[in-house]
Structure formats: C-alpha cells, structure tokens
Amino acid sequence: MKRALEACMPTTVHRWCIWHIMKKIPSKLNGYKAHADVEQQMSHVVWNSHSKDSFDRNWNDFLVNFGLADNKWLSDLYEDRHIWVPIYLDHHFWAGMRSTQRSESMHSFFNKYITRNSSLIQFVKQYDNCLGSREQAERESDAADFHTVIPCATKSPIETQFQDAYTQAKFREVQAQFRGKANCITRLKNSALGYSVYEVGEQVSSSILDKFAVTYDSVAAEINLFDAASAAHSSSSQYQGQVINYQFRVPAAGDNSLGV
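Everything numeric in this text was worked out from a predicted model, so none of it was measured.

Q: Teacher, can you tell me more about the packing of aromatic side chains here?
A: When we look at a pair of aromatic rings, we describe it by the centre distance and by the angle of the planes. Under the counting rule described, the total for this entry stands at nine aromatic pairs. Geometrically, the ring pair formed by Trp 59 and Tyr 78 is stacked, given 6.1 Å between the ring centres and 20° between the ring planes. Residue Trp 59 is found in helix H5 (residues 52-66), and its partner Tyr 78 is found in helix H6 (residues 72-79); the two are separated by 19 residues along the sequence. Between Phe 162 and Tyr 166, the aromatic rings sit 4.9 Å apart at their centres with planes inclined by 70°, giving edge-to-face as the arrangement. For Phe 162, a relative accessible area of 0% gives the class buried. Accessibility expressed as a relative area gives 29% for Tyr 166, which makes it partly exposed. These aromatic residues form a ring-pair network of at least three members: Phe 55, Trp 59, Phe 62, Phe 66, Tyr 78, Trp 84 and Tyr 88. Sitting over the face of the ring of Tyr 78, Arg 81 holds its NZ or CZ atom 3.9 Å from the ring centroid.

Here is the structure:
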C-alpha cells in the first residue's frame, strides 16, 4: 500500500493506524513481566509526548526501564515513528482523524444494513434505508441541541461561549478539557512586559506527573503550552512547542465570538 500511494498519490501523506498499533501491544508484549504496566507506559509515551525530542527521550527511558531495548517489534516501530506517532504528524491537517476509526465506524454503520451476500437490488434499497436512518438521527440530534442545554461544568465565561455556539457533542469534548483543569497545579515562574510564564503540573495518574511550561502574551492575548523538558533542553531561542488542544484568546469587550 505504501509504494502504491507514493506512486499514484505522491503529494498524499500516508500514516499508519495508531489504533491498530496500540491494539497489538498485549499480544506483542504479553511475554514480559508486568506487561500491563508496559502497555500503560507505552501508551503514555505515545500520547503525552509534546515534542519530538521529548518523545525520543521518553521512548528511550521506557525501553530502559522495562528492559525492552532488544525487542524487534518496538525497534521497528521506532524506526517508522514518523508515520504513526502523533507528535510527528500533527503539523499535517487530518480533520480530527488519528487512525482509520472514522472509516471503520462507517463500515460498522453499513454492516447493519448490507452484507457481502446482498444482491445489487438489495444494496440499492438498503443504501436508501441507511441514509434515511442517518438523516433521522441527525434531525433528532438537532432537536436535542435546540431544546436542551448541557450545564456548564465551571464558572468560566469561555466555557459559556462554547455552550452557546457548539453542538452538544462538541461541547462535551470542550467540557472534558475544563474538567481536566482539576488535575493541574499552576505556579507563576516569571512575568515581564505583559508576557508571563507558568509551570503547570498535570497529575495524569497516581504515579505520573507531567510538567509543562505555559506562556501568556497579554498583548497578543494568546496562551501556548510547551513540554517543559523540551523547552529546557532547547538551545534555540526560536524553539516552538505544541499548542494545547484549544488555544484561547481573551475576547474584547462586546466581542461575542469564540475565544479560540
């Protein structure tokens, strides 16, 4: 598939399905002691490394801590990290997709109506039926958005903006981010000329505390999140880290647009 894509669609960015890779962890590493801890730590390294440098360091620490440096499957994955690890691919536009989950979800949807043994006539009829079912579900979702309101989880005016503008499904995703703030400890490191730097510790689990550097530019009204270790190890003053899931701006007085 890789060679075919390169030949037929040379400008297309090809990535591996990370869902399938992570699903293979139990079978590939089941022979190691504490394989459940291995799976948890590998997942943490993959999803919570916020720069390429931090991923490389975290991956190496992961291999050393569990004695997996000689594991061929992990070595091969690391060699191909540029086509499956999120931090190596986030600079491309993916419309929110990280794996084949949306395609496979559509497969699951159509499998409710047709099978490999369906005739062409059955396929046409059932295709119309499944589209009608999809449209009905969307109408019901629109009605729920119009008639019901999900309460805000915090007192934040920004969350209120999302509550007014977003559908219920998208607003629940935003609320998860606001609830996640309860796991964070914030400390001001320095502040000068409208530019402030904070240290944020996020308690991911009982044994894992991730640290980040958060910068706030009051002039540009922007907030950015950096991996603390990568920022500390960077020798370039032009170092750029990874922006948080939602980049907020402070709306001006009378501005009712979303602060994103």
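On we go.
Q: In this structure, what is going on with the nonpolar core? I would like to understand it.
A: One recurring pattern in soluble globular proteins: nonpolar side chains tend to sit buried together. One finds Met 42, Trp 59, Phe 62, Trp 73, Leu 74 and Trp 84 to be the most contacted residues of the largest nonpolar core, which totals 21 residues. Of all elements in the fold, only helix H2 (18-23), helix H3 (25-29), helix H4 (35-48), H5, H6 and helix H7 (86-89) reach the threshold of two or more residues within this core. Those residues in contact with Met 42 that sit more than four places away from it in its chain are Met 22, Ile 25, Trp 59, Phe 62, Trp 73, Leu 74, Leu 77 and Trp 84. By size, the runner-up hydrophobic cluster in this structure holds six residues, among which are Ile 150, Ile 158, Phe 162 and Phe 171.

Q: Before we go on, may I ask you to explain H4 in this structure?
A: Working note: α-helix, 3.6 residues per turn, so residues spaced by three or four point in the same direction. With 14 residues, H4 ought to run about 20 Å at 1.5 Å a step, and its terminal C-alpha atoms sit 20 Å apart, in line with that. Residues Val 38, Met 42, His 44, Val 45 and Val 46 constitute the buried set of H4.

Q: So what exactly am I meant to see when it comes to unusual backbone geometry here?
A: Even without being a glycine, Leu 193 presents a positive backbone phi close to 55°. By secondary structure assignment, the location of Leu 193 is in the loop between strand E1 (184-192) and strand E2 (195-203).

Q: Teacher, can you tell me more about helix H11 (residues 168-180) here?
A: In this model H11 runs 18 Å from its N-terminal to its C-terminal C-alpha over 13 residues, within 8% of the 18 Å that 1.5 Å per residue would give. All of the buried residues in H11 are Gln 168, Phe 171, Val 174, Gln 175 and Phe 178. Mapping the buried residues of H11 onto a view down its axis gives an arc of 115°, with all of them on the same face. Elements in contact with the buried residues of H11: helix H9 (120-147) and helix H10 (157-165).

Q: I tried to follow the environment of Ile 158 on my own but got confused; where do I start?
A: Turning to its location among the elements, Ile 158 is positioned in helix H10. Under the relative-accessibility criterion, Ile 158 is labelled buried at 19%.

Q: What should I look at first to understand the pairing of E2 in this one?
A: In regular strands, side chains alternate between the two faces of the sheet. Sheet topology note: the E1/E2 ladder contains eight bridges and is antiparallel. Among the inter-strand pairings, Cys 184 is bridged to a residue of E2, identified as Glu 202. Sheet topology places E2 next to strand E3 (residues 209-217); nine bridges connect them, and they run antiparallel. Directly across from Glu 199, in E3, lies its bridge partner Ala 213. Adjacent in sequence and paired antiparallel, E2 and E3 are bridged by five residues.

What counts and what doesn't
- Residues numbered from 1 in each chain as written.
- Predicted model: local features only at pLDDT ≥ 70, side-chain atom pairs only at ≥ 80, totals over all residues.
- Heavy atoms only, no water.
- Phe/Tyr/Trp six-rings, centres within 6.5 Å; stacked < 30°, edge-to-face > 60°.
- Helix = DSSP H or I, 4+ residues; strand = E, 2+ residues; numbered from the N terminus.
- Buried < 20%, exposed > 50% of the residue type's maximum accessible area, 1.4 Å probe, protein only.
- Lys NZ or Arg CZ within 6 Å of the ring centre and 35° of its normal.
- Core = buried A, V, L, I, M, F, W, Y, C linked by side-chain atoms within 4.5 Å.
- Contact = heavy atoms within 4.5 Å.
- Expected span 1.5 Å × (residues − 1).
- Arc of directions from axis to C-beta.
- Pairing = 2+ DSSP bridges.

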